[in-house]
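Take a look at the letters that make up each chain.
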Amino acid sequence: MTKLMRVGRTVVMCGGLLGGVAAAVSCGGGDSLDIRFARPGAAGGQVGRGSFTLGVATAAAQIEEGNSTSDWWVYTQPVDEGGLGVGQFVGDAVQGYARALDDAALVEEMNLDAYRLSVNWARMEPTRDNYDEDAFAHYDAVIDALVARGIKPMITVHHFSNPIWVDDPRVAECPAEGPSDSNLCGWGHPTGGPQIVAELAEFAGELARRYGDRVDEWVTVNEPVNYLVASYMLNVFPPGRNLLFNGFDGFIEVVRNFMAGHVAAYDALHAQDTVDADGDGQAAVVGFTLNVIEWAPAVRNRVSDFESAVRARDSVHYVYNHLFPESILNGTFDSDYDGTPDETYDEWAGKLDFMGVQYYSRQGVTGSPGLIPRINATPCFGDFDFGACVDPVFDETHCVPAMGYEYYEPGIYNLLTEYGRTYPDLPLTVTESGLATNVGRRRAEHIVRSLEQIELARREGVDVRGYYHWSLMDNFEWAEGYEPRFGLYRVDVATYARTATEGAVLLGEIAGARRITAAQRAEYGGTGPMTSEGDPRELQVGCRPVD
Ligand code: BGC
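Residues numbered from 1 in each chain as written. Predicted model: local features only at pLDDT ≥ 70, side-chain atom pairs only at ≥ 80, totals over all residues. Heavy atoms only, no water.

Enquirer: Could you clarify how one ought to interpret the site of the ligand in this entry?
Expert: As a matter of local geometry, the ligand sits amid 14 residues, with Gln62, Asn222, Glu223, Glu432 and Glu477 nearest to it. A distance of 2.9 Å is found between an oxygen atom of the ligand and a side-chain nitrogen or oxygen belonging to His159. Tyr360 places a polar side-chain atom, nitrogen or oxygen, 3.4 Å from an oxygen atom of the ligand. Contact with the protein chains removes 95% of the 310 Å² of surface that the ligand exposes when unbound. (Near = heavy atom within 4 Å. Polar contact = N/O pair within 3.5 Å; in protein donor to acceptor, adjacent residues only side chain to side chain. Areas by Shrake-Rupley, 256 points an atom, 1.4 Å probe, with all protein chains shown as cover.)

This is how it looks when you write it as structure tokens:
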């Protein structure tokens, strides 16, 4: 059915073409009926087909206080205290370590089925091969508390942070004598990289051995592509390496080793988690999560079907949204990013029981200039705008000012359906979806709109088994510090008290009833204007932040 809708100042047809470019526009859940959610089930395997898990997600490094043995600590710690002073100091985050059991109660308060949390490798293995038993006991108690409340834990092994000994951010070059126990010199180092792969696997195996009797669902690594781009290519995450213009082959080696890290962790989790905690016949279901972006081809800050822009968009889409699943499912690697794999790794093939899909934004990409080697493309990246940043499809209320990008509802539908077509046997779960906002009603709108789009994909037969909102409470948003607030619960910066937002209340109602009513959809859903953030940055081209 074709419907008319507003796009900026113009009107387009839902389901039609936009600006001459093949950008499918769909309009909300496709109808105005209730959306009902099936019972929760397994993220992987035939047994979980048709199930739908409603959950929430966090990461240890973003919520926990006092992680002084982690790379983020020394990277952000003020210079006069011995750190590198980059960005805002992570410090006490939101005291998520001390408050972990109280936070578990918040998950139950929202009637959710599951909690995706990460453990803190740096806290648990502060020096190489020495485990901290108190830290292991802490997560043990958290898992117990979740299970006691009837909440399924999904554990992420590696979520954007490392112990300092993996690659000390304070050391610019690997010492001449090479890697040591106090500094393995990073994922790309010829001898240190493979040791890190082995260490990650050993750690994952230890988690599975200790917690596998209560945990069945595991994420090896979180969002490998944007994590590696930020930490090893663009110098915005620790260890702060910049291999974009300074040794791009080294970056490819980082990516290759990280893929091997997923595979080694996958094998270790399966080997050590032999207990079927929930009795569904599967002891361990293991995947990675992937940040996915709806890329728009751009020239001079406008969406364009100009050949170089479309080629750049296609290349970025392939490398960003497909290279990881394709490599692991097929046991191949496309080291020159030209679209054709040129390396074979039989031991990688098929080591993905499910994929976590994490969608936040639509972003522009241009081919002129094409600054990223091999793919000759330049995405819109914060203040670095080489003509790739474009206006939001619908209207400026879809800008997310604190993050400098656009929330575009149909993006998650477009990507899920594409994955369903490309990898029909791969179960999917939306392991993160969220919005940085100070306005509770905007978060409520984001929840309903995202679930509508996921429902559309499910109705087309895509095997999507769940939705985890990012995030349970406000937290440390990495390079962006504490300004962006992704929390269902708002955190008071002085007292750390958590207060439910309108988003938390609504998600709680939805999860409690296992449905979104037609009235809730009418109030919050669709793709029309959202409640405004009331921030002048909404009016910037590409919604990007400017000084
Ligand atoms: C990451 C989270 C992050 C969130 C919001 C995801 O890329 O997994 O750690 O906080 O997006 O930006």
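From this point, the discussion proceeds with the structure in view.
Enquirer: Where do I start with the pattern of salt bridges in this structure?
Expert: A pair can form between side chains of opposite charge whenever their charged atoms are brought close. Counted according to the given criterion, the structure contains 34 salt bridges. One salt bridge connects Asp34 with Arg515, and the closest N-O pair in it is separated by 2.8 Å. Taken together, the residues Asp34 in the loop between strand 2 (10–13) and strand 3 (35–36) and Arg515 in strand 20 (residues 515–516) connect sequence positions 481 residues apart. Note on Asp34: relative accessible area 27%, which makes it partly exposed. The closest approach of N and O atoms between Arg362 and Glu406, which form a salt bridge, is 2.6 Å. Here Arg362 is found in strand 12 (residues 354–366), whereas its partner Glu406 is found in strand 15 (residues 405–406), with 44 residues between them in sequence. Using a relative accessible area of 7% as the deciding quantity, one classes Arg362 as buried. Counted as one network, the salt bridges with shared partners bring together Glu133, Glu206, Arg209 and Arg210. (Salt bridge = Lys/Arg side-chain N within 4 Å of Asp/Glu carboxyl O. Helix = DSSP H or I, 4+ residues; strand = E, 2+ residues; numbered from the N terminus. Buried < 20%, exposed > 50% of the residue type's maximum accessible area, 1.4 Å probe, protein only.)

Enquirer: Help me understand the packing of aromatic side chains in this model?
Expert: Here the distance between the centres and the angle between the planes together describe a pair of aromatic rings. Counted under the stated rule, the structure contains 28 aromatic pairs. Judged by centre distance (4.6 Å) and plane angle (65°), the rings of Trp187 and Phe258 are edge-to-face. In this pair, Trp187 is assigned in the loop between strand 6 (152–158) and helix 6 (192–211) and Phe258 in helix 8 (residues 248–272), connecting sequence segments 71 residues apart. By relative accessible area, Phe258 is classed as buried at 0%. Summarising the aromatic geometry, the rings of Tyr227 and Phe258 are spaced 5.6 Å apart at their centres and angled 40° between planes, so their arrangement reads as tilted. Of this pair, Tyr227 sits in helix 7 (residues 224–233) while Phe258 sits in helix 8; the two residues are 31 residues apart in sequence, bridging distant segments of the chain. The same class applies to Tyr227 and to Phe258, which are both buried. The lysine or arginine in question, Arg123, covers the ring of Tyr97, its NZ or CZ lying 3.6 Å from the ring centre. (Phe/Tyr/Trp six-rings, centres within 6.5 Å; stacked < 30°, edge-to-face > 60°. Lys NZ or Arg CZ within 6 Å of the ring centre and 35° of its normal.)

Enquirer: Looking at this structure, I do not really get the pairing of strand 17 (residues 464–470). What am I missing?
Expert: The two faces of the sheet receive side chains in turn, since in a regular strand these alternate between them. Extensive coverage of strand 17 is indicated by the burial of seven of its seven residues. Across five bridges, the pairing between strand 4 (residues 53–57) and strand 17 is parallel. Residue pairing across strands places Ala57 opposite Trp470, the latter belonging to strand 17. Relative to strand 17, strand 16 (residues 428–433) runs parallel, the two being bridged by two bridges. Bridge pairing in strand 17 links Leu428 to Val464. Once the chain exits strand 16 it traverses helix 11 (residues 440–459) before rejoining the sheet at strand 17, and the crossover so formed is right-handed. (Pairing = 2+ DSSP bridges. Right-handed = clockwise from strand over helix to strand, strands pointing away.)

Enquirer: Before we go on, may I ask you to explain a nonpolar patch on the surface in this structure?
Expert: A surface patch of nonpolar side chains, amounting to about 530 Å² of accessible area, comprises Phe245, Leu371, Phe381, Phe384 and Phe386. Relative to the elements of secondary structure, Phe245 occurs in the loop between helix 7 and helix 8. The exposure class assigned to Phe245 is exposed, which follows from its relative accessible area of 61%. (Patch = residues over 30% accessible without salt bridge, like charges linked within 9 Å, V, L, I, M, F, W, Y side chains within 5 Å.)

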